[in-house]
Amino acid sequence: MNNITVISREELEELREAFDKIDIDNSGYVSDYELHDLFKEANIPLPGYKVREIVEKFLTVADSNKDGKINFEEFVSVIQELKSKEISKSFRKSINRKEGITAIGGVSAISSEGTQHSYSEEEKFAFVNWINKALHDDPDCQHLLPINPSDESLFNSLRDGILLCKLINLSQPDTIDERAINKKKLTPFTISENLNLALNSASAIGCTVVNIGSQDLQDGKPYLVLGLLWQIIKTGLFADIELSRNEALIALLNDGEDLEQLLKLSPEELLLRWVNYHLANGGWQKINNFSHDIKDSRAYYHLLKQIAPKGEKGDDKGIGIDFSGFDEKNDLKRAECMLQEADKLGCRQFVTPADVVAGNPKLNLAFVANLFNTHSALSKPNSSSYDPNLLEDSVLSSPRATQPFLSALSGETKEERTFRNWMNSLGVNPYVNHLYSDLTDGLVIFQLYEMIRVPFEWNLVNKPPYHALGGNMKKIENCNYAVHIGKTKANFSLVGIGGQDLNEGNPTLTLALVWQIMRRYTVNVLSDLGEGERVNDDIIIKWVNQTLVNAKKTTSITNFKDASISTSLPVLDLIDAIAPNAIHPEMVKRENLSYTDKLNNAKYAISIARKIGAQIYALPDDLVDVEPKMVMTVFACLMGKGLNKSM
């Protein structure tokens, strides 16, 4: 592209704000079919047909990795081309200068053409305060804390990897075995190990780290650091905002709504429903978002009043919310008064008065999530407020909803969580909150097909929005096509599986397809390293045993169901063979192993595997219980690491 117009700092700020509004799951991507809405958010006044022409013309240029999705930089390249050809002269007038954005030079091709990466000073400030409070008492972080939010200390503090590992465990406890973290006498090599451990562990809990490497974190690239931090923090904030973990959420059912509809809501949607539930009880009008509708702080005042502990007569456990600032005329002063009341609940995190008044959607979402986790003020349903028999009646009266609903309400299995995290780490869009209900239109399946290089035609796939009338038929068409492609192009074993099964969220049959996709993804990595040689279970097992023999280890495996795997000793010995000195022998129990000993070995093995660079999604329990599917992925990932090292 010639004569590319430079995007100014002010314009970049506006484009980022527009992009974030469409990227509601904060995946870092929007799909091509969302570009129409994205152009509208960017205040580009073009009719729909013209936008479609532009998308068709420029997406082939902007979508540099040909994944059908577009990230912020790719979007900016489209805008550059639009401006260069003066397709939309009026759009320049819509750019208003905004405060709080720091621009830095980028390293991408787009950056070299004149754009800049940007990051929000408000986000940096919010994350620093959260970290300072959350890890205040951690002895391993005392050399880093407190972090100064007013300078670049945050980016420097993450360079040794210790803080990142701690934040991941704070978000998802026991993800990283503390024994695997290098904490003393750090060298460039041990620091790189810590960062690999953090990145691979972040991926295992569903964070997208595809474009982030350990060197990026050592370089302290702000836009990458803040993006990763937000994913980690959000994962922790949202962990309990789902029906299977918090039955009290049933109280949020609207009149005439069944439980299946509530189940399908994302954590963001549940939080909005939660706020409006309390606002209704307080006689205040509902809100529709965490940006414009909360700017005057008045909805927050009523929310705080409803969720504040009331206490009983005669005790001092109640917390009164002072409304004296409610009628303050100045928005900033009113927001400050409101946050002082939130502080009484121990919840003055993530937002400043300016963030509230500006309607920063990300930080206000985090503020509300923290309020929910600390004071949900929801009671578990009982016979007087909700008849448990209605659950069974509701499900049985809707046969399509039975299986996914019962599965989700009974709680996510470890296998389901592993698959879901794997998908999300690859950056699928939309973000998968519920494994079955979020796959019912087939779109995520097709994105995974693309990643494992299974050919299909995107123009044969129906894309949202799906209209209420006939919308589900469009989804079923997608699912039928997905199963057809799985059988004819991927050569998967899908006997007895139809598109209807995916659309209805049949757990067993959906998992059968998802597992084969994950397996193909893993095997493709090995085949690529082996210069195209077809890899199967026998080849992996043979490589594992030969590597163990060459390293003079006494362990071996006969198959992925081998009982010896429950000790994790074959895994630990294989890691030691691939990366000598990575395993500290004193950390491993080898004789008279109890269940706890086996679990400790497994935790250590998986963390060390991630530390040496293996991207493992399996859980320690998978090794202890010898789950053959997940065991296969562990050995395959280690084989990939071993082959990559020997090249």
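About the thresholds
- Residues numbered from 1 in each chain as written.
- Predicted model: local features only at pLDDT ≥ 70, side-chain atom pairs only at ≥ 80, totals over all residues.
- Heavy atoms only, no water.
- Helix = DSSP H or I, 4+ residues; strand = E, 2+ residues; numbered from the N terminus.
- Buried < 20%, exposed > 50% of the residue type's maximum accessible area, 1.4 Å probe, protein only.
- Contact = heavy atoms within 4.5 Å.
- Areas by Shrake-Rupley, 256 points an atom, 1.4 Å probe, with all protein chains shown as cover.
- Axes fitted to C-alpha atoms, helices over the stretch in contact; angles between N-to-C directions.
- Parallel < 35°, antiparallel > 145°, perpendicular 65-115°, else oblique.
- Nonpolar A, V, L, I, M, F, W, Y, C, P; charged D, E, K, R; others polar.
- Expected span 1.5 Å × (residues − 1).
- Salt bridge = Lys/Arg side-chain N within 4 Å of Asp/Glu carboxyl O.
- pLDDT = per-residue confidence, 0-100.
- Core = buried A, V, L, I, M, F, W, Y, C linked by side-chain atoms within 4.5 Å.
- Phe/Tyr/Trp six-rings, centres within 6.5 Å; stacked < 30°, edge-to-face > 60°.
- Lys NZ or Arg CZ within 6 Å of the ring centre and 35° of its normal.
- 1 Å grid on protein atoms, 1.4 Å probe; cavity = no way out; pocket = protein on both sides within 12 Å on 5 of 7 lines; lining within 4 Å.
- Points joined across faces, edges and corners; volume = space filled by probe spheres on them.
- Polar contact = N/O pair within 3.5 Å; in protein donor to acceptor, adjacent residues only side chain to side chain.

**Here's the deal with the overall build of the chain**
And step 1. Helix and strand counts for the chain come out as 29 helices and four strands.
And step 2. Of all 647 residues assigned to the chain, the portion counted as buried reaches 55%.
And step 3. Long-range contacts, defined here as pairs at least 24 residues apart, represent 62% of the contacts in the chain between residues at least 6 apart.
And step 4. When the accessible area of the chain is evaluated, it comes to approximately 28,900 Å², of which 49% is carbon and sulfur surface.

**Digging into the packing of helix 13 (residues 267-281) against helix 14 (residues 298-307)**
And step 1. Here helix 13 crosses helix 14 at 80 degrees, and the two axes come no closer than 9 Å. With respect to helix 14, the axis of helix 13 lies roughly perpendicular. Residues Trp274, Val275, His278, Leu279 and Asn281 of helix 13 form the contact with helix 14, whose participating residues are Ala299, His302, Leu303, Gln306 and Ile307.
And step 2. Along the lines of polarity and charge, the residues of the contact of helix 13 with helix 14 split into six nonpolar, four polar and no charged.

**Details of helix 11 (residues 222-238)**
And step 1. Compared with an ideal rise of 1.5 Å per residue, which puts 17 residues at 24 Å, helix 11 spans 24 Å between its outermost C-alpha atoms and is within 8% of the ideal.
And step 2. Summarising burial for helix 11: 14 of the 17 residues are buried, a large majority.

**What about helix 8 (residues 162-171)?**
And step 1. In terms of burial, helix 8 is largely enclosed, as nine of its 10 residues are buried.
And step 2. Turning to helix 8, its buried residues are Ile162, Leu163, Leu164, Cys165, Lys166, Leu167, Ile168, Asn169 and Ser171.
And step 3. Where helix 8 is buried, its residues contact helix 6 (121-134), helix 7 (153-157), helix 9 (188-204), helix 10 (214-218) and helix 11.

**Some points on the pattern of salt bridges**
And step 1. Per the stated rule, a full pass over the model turns up 22 salt bridges.
And step 2. Between Lys166 and Asp138 there is a salt bridge, with its nearest N and O atoms 3.3 Å apart. With Lys166 in helix 8 and Asp138 in the loop between helix 6 and helix 7, this pair connects stretches of sequence that are 28 residues apart.
And step 3. Lys166 sits in the buried class, given a relative accessible area of 6%.

**With respect to the confidence of the model for the chain**
And step 1. On average, the chain scores 84 in pLDDT, and the residues at 70 or more come to 80%.
And step 2. Confidence drops under a pLDDT of 50 for residues 86-116, and excluding neighbours within four residues, the segment shows 76 contacts in the predicted structure.
And step 3. Overall, residues 383-402 carries pLDDT values under 50, and its contacts beyond four positions in sequence, including any with other chains, amount to 20 contacts.

**Side note on the nonpolar core**
Side chains that are nonpolar tend, in soluble globular proteins, to be buried together.
And step 1. Trp274 and Tyr449 are the most contacted members of the largest nonpolar core, which totals 172 residues.
And step 2. With near-sequence residues (within four places) excluded, Trp274 lies in contact with Leu252, Leu303, Ile307, Val368, Leu371, Phe372, His375, Ser376 and Leu378.
And step 3. Among the nonpolar cores identified, the runner-up in size contains 15 residues, and Phe19, Val30, Leu38 and Ile79 belong to it.

**Looking at the packing of aromatic side chains**
And step 1. Using the criterion set out here, one finds 16 aromatic pairs in the structure.
And step 2. Considering the side-chain rings of Phe446 and Tyr481, the 5.4 Å spacing of their centres and the 35 degrees angle between planes classify their relative orientation as tilted. One end of the pair, Phe446, is in helix 21 (residues 443-451); the other, Tyr481, is in helix 22 (residues 471-488), with 35 residues separating them in the sequence.
And step 3. On the basis of relative accessibility, which here comes to 0%, the residue Phe446 falls in the buried class.
And step 4. With a centroid separation of 6.2 Å and 20 degrees between ring planes, the pair formed by Phe560 and Phe635 is classed as stacked. Taken as a pair, Phe560 in the loop between helix 25 (537-550) and helix 26 (569-578) and Phe635 in helix 29 (residues 628-646) lie far apart in primary sequence, 75 residues in all. Summarising the burial analysis for this pair, Phe560 and Phe635 share the class buried.
And step 5. Three or more aromatic residues joined by ring pairs form one cluster here, namely Phe446, Tyr449, Phe456, Trp458 and Tyr481.
And step 6. Above the ring of Phe326, the side-chain terminus of Arg298 is found at 5.4 Å from the ring centroid.

**A word on the layout of surface pockets**
Vacant regions in the atomic arrangement are exposed by a probe of water-molecule size rolled over the atoms.
And step 1. Approximately 770 Å³ is the volume attributed to the second largest pocket.
And step 2. Along the walls of the second largest pocket sit 32 residues, with Ile612, Gly613, Ala614, Gln615 and Lys641 positioned nearest its centre.
And step 3. Put simply, the parts of the chain that give the lining of the second largest pocket at least two residues each are helix 9, helix 24 (507-529) and helix 29.
And step 4. Element by element, the count of residues in the lining of the second largest pocket is highest for helix 29, at seven residues.
And step 5. For the lining of the second largest pocket, the residue count by class is 15 nonpolar, 13 polar and four charged.

**Description of the side chain of Ser203**
And step 1. Along the polypeptide, Ser203 turns up in helix 9.
And step 2. Discounting chain neighbours no more than four positions away, the residues touching Ser203 are Val209, Asn421, Ser425, Gln615 and Tyr617.

**Some points on the side chain of Asn200**
And step 1. Take Asn200: it is sitting in helix 9.
And step 2. Side-chain polar atoms of Asn200 contact the backbone oxygen of Arg610, separated by 2.9 Å.
And step 3. Non-local contacts of Asn200, meaning those with residues more than four positions away in its chain, are made with Arg610, Gly613, Ala614 and Gln615.

**Thoughts on the environment of Leu339**
And step 1. Of note, Leu339 is situated in helix 15 (residues 331-344).
And step 2. Leu339 sits 42 residues away from Ser297 along the chain, and the two C-alpha atoms are 9.0 Å apart.

**Some remarks on the packing of helix 6 against helix 17 (residues 361-374)**
And step 1. Helix 17 packs onto helix 6 with a crossing angle of 25 degrees between their chain directions and a minimal axis gap of 10 Å. Judged by the angle between their axes, helix 6 and helix 17 are roughly parallel. Seen from helix 6, the contacting residues are Glu122, Glu123, Ala126, Phe127 and Trp130; seen from helix 17, they are Lys362, Leu363 and Asn370.
And step 2. Looking at side-chain class alone, the contact of helix 6 with helix 17 contains four nonpolar, one polar and three charged residues.

**Here we look at unusual backbone geometry**
And step 1. With omega at 10 degrees, the peptide bond leading from Asn429 into Pro430 counts as cis.
And step 2. With respect to the helices and strands, Pro430 occurs in the loop between helix 20 (414-425) and helix 21.
And step 3. For the peptide bond that leads from Pro464 to Pro465, omega is 10 degrees, which places it in the cis range.
And step 4. Mapped onto the elements of the fold, Pro465 is located in the loop between helix 21 and helix 22.
And step 5. Of note in the backbone geometry, Ala377 takes a positive phi value of approximately 55 degrees without being a glycine.
And step 6. Relative to the elements of secondary structure, Ala377 occurs in the loop between helix 17 and helix 18 (388-396).
And step 7. When its relative accessible area of 41% is taken as the criterion, Ala377 is described as partly exposed.

**Topic: the environment of Lys234**
And step 1. The topology assignment puts Lys234 in helix 11.
And step 2. Residues Lys234 and Ser171, spaced 63 residues apart in sequence, show a C-alpha to C-alpha distance of 8.1 Å.

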